[in-house]
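Each chain is listed here by its residues.
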4 protein chains.
Amino acid sequence: MGTHTQRRTDTRQRIQDVALELFAEQGYEKTSLREIAERLEVTKAALYYHFKTKEDILISVFQDLTGPLDELVAWGEAQERTLEFKKELLRRYSEALNQAAPLFRFMQENQAALRDLKIGELFKDRVHALLGVLKDDTAPLPDQVRCVSALFTLHASMFLLKDLDGDFEEKRLAALEVAVDLVTQAHQHA
Amino acid sequence: MGTHTQRRTDTRQRIQDVALELFAEQGYEKTSLREIAERLEVTKAALYYHFKTKEDILISVFQDLTGPLDELVAWGEAQERTLEFKKELLRRYSEALNQAAPLFRFMQENQAALRDLKIGELFKDRVHALLGVLKDDTAPLPDQVRCVSALFTLHASMFLLKDLDGDFEEKRLAALEVAVDLVTQAHQHA
Amino acid sequence: MGTHTQRRTDTRQRIQDVALELFAEQGYEKTSLREIAERLEVTKAALYYHFKTKEDILISVFQDLTGPLDELVAWGEAQERTLEFKKELLRRYSEALNQAAPLFRFMQENQAALRDLKIGELFKDRVHALLGVLKDDTAPLPDQVRCVSALFTLHASMFLLKDLDGDFEEKRLAALEVAVDLVTQAHQHA
Amino acid sequence: MGTHTQRRTDTRQRIQDVALELFAEQGYEKTSLREIAERLEVTKAALYYHFKTKEDILISVFQDLTGPLDELVAWGEAQERTLEFKKELLRRYSEALNQAAPLFRFMQENQAALRDLKIGELFKDRVHALLGVLKDDTAPLPDQVRCVSALFTLHASMFLLKDLDGDFEEKRLAALEVAVDLVTQAHQHA
DNA sequence: AATGAATGAGCCTTCATTCAT
DNA sequence: GATGAATGAAGGCTCATTCAT
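Bear in mind that the values here come from a model prediction, so they are computed numbers and not experimental data. (Residues numbered from 1 in each chain as written. Chains lettered and ligands numbered in written order. Predicted model: local features only at pLDDT ≥ 70, side-chain atom pairs only at ≥ 80, totals over all residues. Heavy atoms only, no water.)

Observations regarding the overall build of chain A
Definition in use: Helix and strand definitions follow DSSP, with helices as H or I runs of at least four residues and strands as E runs of at least two, each counted in order from the N terminus. Any two residues whose heavy atoms approach within 4.5 Å are treated as being in contact. Values of accessible area rely on a 1.4 Å probe in the Shrake-Rupley scheme; residue burial ignores everything except the protein chains shown. In summary, the charge assignment counts Lys and Arg as positive and Asp and Glu as negative, without counting His or the chain termini. Note on charges: their place is set at NZ of Lys, CZ of Arg, CG of Asp or CD of Glu.
Within chain A, the secondary structure is distributed over 11 helices and 0 strands. Beginning at the N terminus, the succession of helices and strands in chain A can be written as α-α-α-α-α-α-α-α-α-α-α. Taking the principal axes of its C-alpha atoms as reference, chain A extends roughly 60 × 40 × 35 Å. If you take every contact in chain A between residues at least 6 apart in sequence, the share linking residues at least 24 apart comes to 66%. For chain A, the accessible surface area stands at approximately 9,500 Å², while carbon and sulfur atoms represent 51% of it. Taking the 25 positively charged and 32 negatively charged side chains of chain A as two groups, their mean positions are separated by 5 Å.

Thoughts on the interface of chain D and chain C
Let me state the cut-off plainly: Buried area adds together the accessible area that both of two parts lose upon being put together, with accessible area traced by a 1.4 Å probe. Salt bridge criterion: a side-chain nitrogen from Lys or Arg within 4 Å of a carboxyl oxygen from Asp or Glu. Identification of polar contacts relies on pairs of N or O atoms within 3.5 Å, with a donor-acceptor requirement for protein atoms, meaning one able to donate a hydrogen and the other able to accept it, and with residues adjacent in sequence counted only if both atoms are side-chain atoms. Gly counts as polar in this scheme, as do all residues outside two lists: the nonpolar Ala, Val, Leu, Ile, Met, Phe, Trp, Tyr, Cys and Pro, and the charged Asp, Glu, Lys and Arg.
Taken residue by residue, the interface counts 40 residues in chain D and 40 residues in chain C. Interface of chain D and chain C: buried area, both sides summed, is about 3,400 Å²; carbon and sulfur atoms make up 60% of it. On the surface where chain D and chain C come into contact, there are 6 salt bridges. Residue Asp116 of chain C is joined to Lys30 of chain D by a salt bridge in which the shortest nitrogen-to-oxygen separation is 3.2 Å. Inspection of the chain D/chain C interface yields 14 residue pairs in polar contact (both at pLDDT 80 or more). Counted by class, the side of chain D that touches chain C contains 15 nonpolar, 10 polar and 15 charged residues.

Digging into the relation of the copies chain D and chain C
Stated precisely, the cut-off is as follows: When the copies are superposed, the least-squares fit takes in the C-alpha atoms of residues with a pLDDT of at least 70 in both.
Take chain D, turn it by 180°, move it 0.0 Å along the axis, and it overlays chain C with an RMSD of 0.1 Å. On the angle and the small slide along the axis, the relation comes out as a two-fold axis. By residue overlap, the copies meet face to face through one surface: 100% of the interface positions of chain D are interface positions in chain C.

Brief notes about unusual backbone geometry
All names here are of chain B. Stated formally: The buried label goes to any residue with under 20% of its type's maximum accessible area, the exposed label to any with over 50%, and the partly exposed label to all in between, with areas taken from a 1.4 Å probe on protein chains only.
For Glu41, which is not a glycine, the phi torsion comes out positive at approximately 55°. As for its position among the elements, Glu41 is in the loop between α2 (33-40) and α3 (44-50). Exposure remark for Glu41: the relative accessible area of 73% places this residue in the exposed category.

Notes on the interface of chain B and chain A
Every contact between the two is made by 40 residues of chain B and, on the other side, 40 residues of chain A. A buried area of about 3,400 Å², summed over both sides, lies between chain B and chain A, and 60% of it is on carbon and sulfur atoms. On inspection of chain B and its partner chain A, the count reaches 6 salt bridges. For Arg146 of chain A, the salt bridge identified is with Asp181 of chain B, shortest N-O distance 3.2 Å.

Quick notes on the relation of the copies chain B and chain A
It takes a turn of 180° to lay chain B on chain A, together with a shift of 0.1 Å along the axis; the resulting RMSD is 0.1 Å. Most of the interface of chain B is mirrored in chain A: 100% of its interface residues are interface residues there too.

Digging into the domain arrangement of chain A
All names here are of chain A. As a reminder, the rule being used: Each domain's extent was defined by an automatic or database domain assignment.
Taken domain by domain, chain A consists of domain 1 (1-52) and domain 2 (61-187). Using C-alpha coordinates to define each centre, domain 1 is positioned 28 Å away from domain 2. Taken residue by residue, the interface counts 7 residues in domain 1 and 11 residues in domain 2. When the buried area of domain 1 at its contact with domain 2 is split by residue, Leu20, Ala24 and Tyr28 rank highest and sum to 60% of it.

Details of the environment of Glu169 of chain B
Residue and element names in this part refer to chain B. Turning to its location among the elements, Glu169 is positioned in helix α10 (residues 168-188). Here the alpha-carbon distance between Glu169 and Ser157, two residues 12 residues apart in the chain, equals 9.6 Å. A distance of 2.8 Å separates a polar atom in the side chain of Glu169 from a polar atom in the side chain of Arg172.

Remarks on the confidence of the model for chain A
A low pLDDT score tells you not to read the predicted coordinates there in detail. To be explicit about the condition: For every residue, the predictor states its confidence as a pLDDT score lying anywhere from 0 to 100.
Looking at chain A as a whole, the pLDDT averages 91, with 96% of positions reaching at least 70. Below a pLDDT of 50 lies the segment residues 1-7 of chain A, which in the model reaches 0 contacts outside its immediate sequence neighbourhood of four places, other chains included.

Focus on the arrangement of the chains
Separated without contact, chain A and chain C have their nearest C-alpha atoms at a distance of 12 Å. For the non-touching pair chain B and chain D, the nearest C-alpha separation works out to 12 Å.

Quick notes on the UniProt feature "DNA-binding region" (unreviewed entry) in chain A
Note the threshold: UniProt positions are given in the numbering used here, feature names are shortened, and annotations may be inferred rather than shown by experiment.
Within the UniProt annotation, "DNA-binding region" (unreviewed entry) is assigned to residues 32-51 of chain A. End C-alpha to end C-alpha, residues 32-51 of chain A measures 14 Å, and it is 75% helix and 0% strand.

Description of helix α5 (residues 83-99) of chain B
In an α-helix, one turn spans 3.6 residues; hence positions three or four apart end up facing the same way. Residue and element names in this part refer to chain B. Defined as follows: The length a helix should cover is 1.5 Å for every residue beyond the first.
Between the first and last C-alpha of α5 there are 25 Å, a value that for 17 residues agrees with the 24 Å anticipated at 1.5 Å per step. Inspection of α5 places Leu83, Phe85, Lys86, Leu89, Leu90, Tyr93, Ser94, Ala96 and Leu97 among the buried residues, and these make up the whole buried set. Taken together, the buried residues of α5 touch α4 (54-78), α6 (101-109), α8 (119-134), α9 (141-157) and α10.

Regarding the environment of Thr138 of chain D
Residues and elements named next belong to chain D. Locating Thr138 in the fold gives a position in the loop between α9 (119-134) and α10 (141-157). When its relative accessible area of 69% is taken as the criterion, Thr138 is described as exposed. In this structure the C-alpha to C-alpha distance between Thr138 and Ala190, which are 52 residues apart in sequence, comes to 9.5 Å. Polar side-chain contacts of Thr138 include one of 2.9 Å to the side chain of Asp136.

A look at the pattern of salt bridges
All chains considered together, the criterion is met by 52 salt bridges over all chains. For Glu169 of chain A, the salt bridge identified is with Arg172 of chain A, shortest N-O distance 2.8 Å. Residue Glu169 of chain A and its partner Arg172 of chain A are both found in helix α11 (residues 168-188); the two are separated by 3 residues, about one turn of the helix. With a relative accessible area of 34%, Glu169 of chain A lands in the partly exposed category. For Arg172 of chain A, a relative accessible area of 5% corresponds to the buried category. Glu109 of chain C is the salt-bridge partner of Arg105 of chain C, the closest N and O atoms lying 3.6 Å from each other. Residue Arg105 of chain C and its partner Glu109 of chain C are located together in helix α6 (residues 101-109), separated by 4 residues, close to a single helical turn.

See the structure below:
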């Protein structure tokens, strides 16, 4: 069983993995296709058999890892904006982030490089949709900021708290707690 | 007198200005010296009269704009960690950021690119020092996260709140309010 | 019977057709096997089942379409060089060209590319043989030029008179008339 | 004297010379910048100091060598279309071609490659302008063809008569004679 | 204080071709 | 009769940097 599917080599997947790893480590611009190819012990041309351009590699990774997030947004937009719901949204978002941590770390750290890589928009769009669900455009500015901050706190927990003591999961939960708190405050002022 | 000295710094300063502008706009890697030179209507070689390398331009900008921050850190480290002091620190930090907004926007968006540019460290060091002053290593994790969040909220206010209504200064103050709040909570739990 | 043989040549023939079309349209060098394969909705590798190299595709097209011309040359060389014969030769040549117009257009426009593609010689050889039949090596230079011109006028009529009014066949006949005229003059001076 | 102008090296000119030589010899597509650079014993990058793209090299050569032709067209368009004038035009055209023989040989042999190299148009435009001066749109088709033929005969004399005996200048004049003849016939029928 | 000329390394991409299946 | 996967070579181009002037 499965032998048939096996026929297709896993090169495509391996390219995506290595690419994400290197992109996250060194940035998109500074990672050359030569590097990716060498790491995989194939030629650069092989990459082009599987992907049309360098950007395409990134896009494919993005699309593969971004599914859960899309679902989350879709789900969120259909819900009533109760406090309990918002908390749940943050919980799920934190988990989704956790799933694709390297990708999000990459997105966060390469905003400049992504600015004109169509994909930049895709990312921004998602975050915006999420924000739209959390915050109330008519609320006082500080409360709106709280919502943005909540989201960023979750992002940051993926890669910015290395210097704090404690293991990764502990820190993720701490960040979630803070985010929930921020959103709660924003919600209650309303 | 003075005209002579004035002349001397003129081009150098213009290089820094244009470089920062372009770096912030397009990212460090994607901005070429050719581009900078063209914008200034001088040759690339002229840049090398004033700076030893591309990175040097960035460093010089950083150092020029970062002075107030260094003073802030120095001042902060000498203070007693009362709540009032921490609030003041945030206030001053927000102002310092405001002064050199494009630089900080750049720093935030080019973390990947900066990773192996000695300067990356410089930036991290400053933020760390500041964090060291604000937070208590022995506090519960969520409270430590609150302090990190506070700082990031201030950073974010420099470039991430474009989509919110309200003018820049309003938003800066809102962010400051949220940051103060976060730090206050962290402080009071202690 | 026959259906089997039919099938066999099918793809091969289609490759030749598409290849000629693209070669004529964009030139030999600028037409890639990928392009040909895509147009046919097969893989590049399939082309290699039918032909050994890219050049082989061109050669095969050439040989398929060039038969009538070879016969013409053979016939011509056996004839006595009367004026009437020469006129007939031009008439037949014009028709032969007409039959394989895209090929000749291609040959005309890709001389440079063909120079080191063994096939270039084949083409030149044919034209030369024809010229040998038409012109007299001992005639005054201008008359020899007339014969060359006659041939080129026929070639040109295949693709260069687009800008003139009139339909294709009309123009072909006009070119034939001019060619006949040129050869007649050359002949009569002798 | 002259020492100052001498400062500017002649590299730019040498690039143009070598490029034209190679383009004419092997065709545009098949000539790589590496080849040009090697022949000149400079690096590829040096070519890019002097020209923005490969096509730019070709364009610059074209523009340098094409001046006399432009003047000819301009002059021609201002003249009355007497037979004597047309003869004179052909004479001058033949000389202009002679001046830039390799370029025209190149143009003739690389039509396919030039088709999408903006420059192709430039060339066609010139020939068309010339044709517009020579031929009468209302004349019988064969006479129009004669004018086209006349021009092509001159072109051909630049590179296609190698196989005929006689030296280059002799052949050029023979071709001119034939061209004059063709145009004369066309003119007199009117 | 700045330029003109050039370099060496490297980049992304495309190509014709091969071969096991 | 054709495909999927891959290769080696090369192509055009850009970049940070150097240095004599």
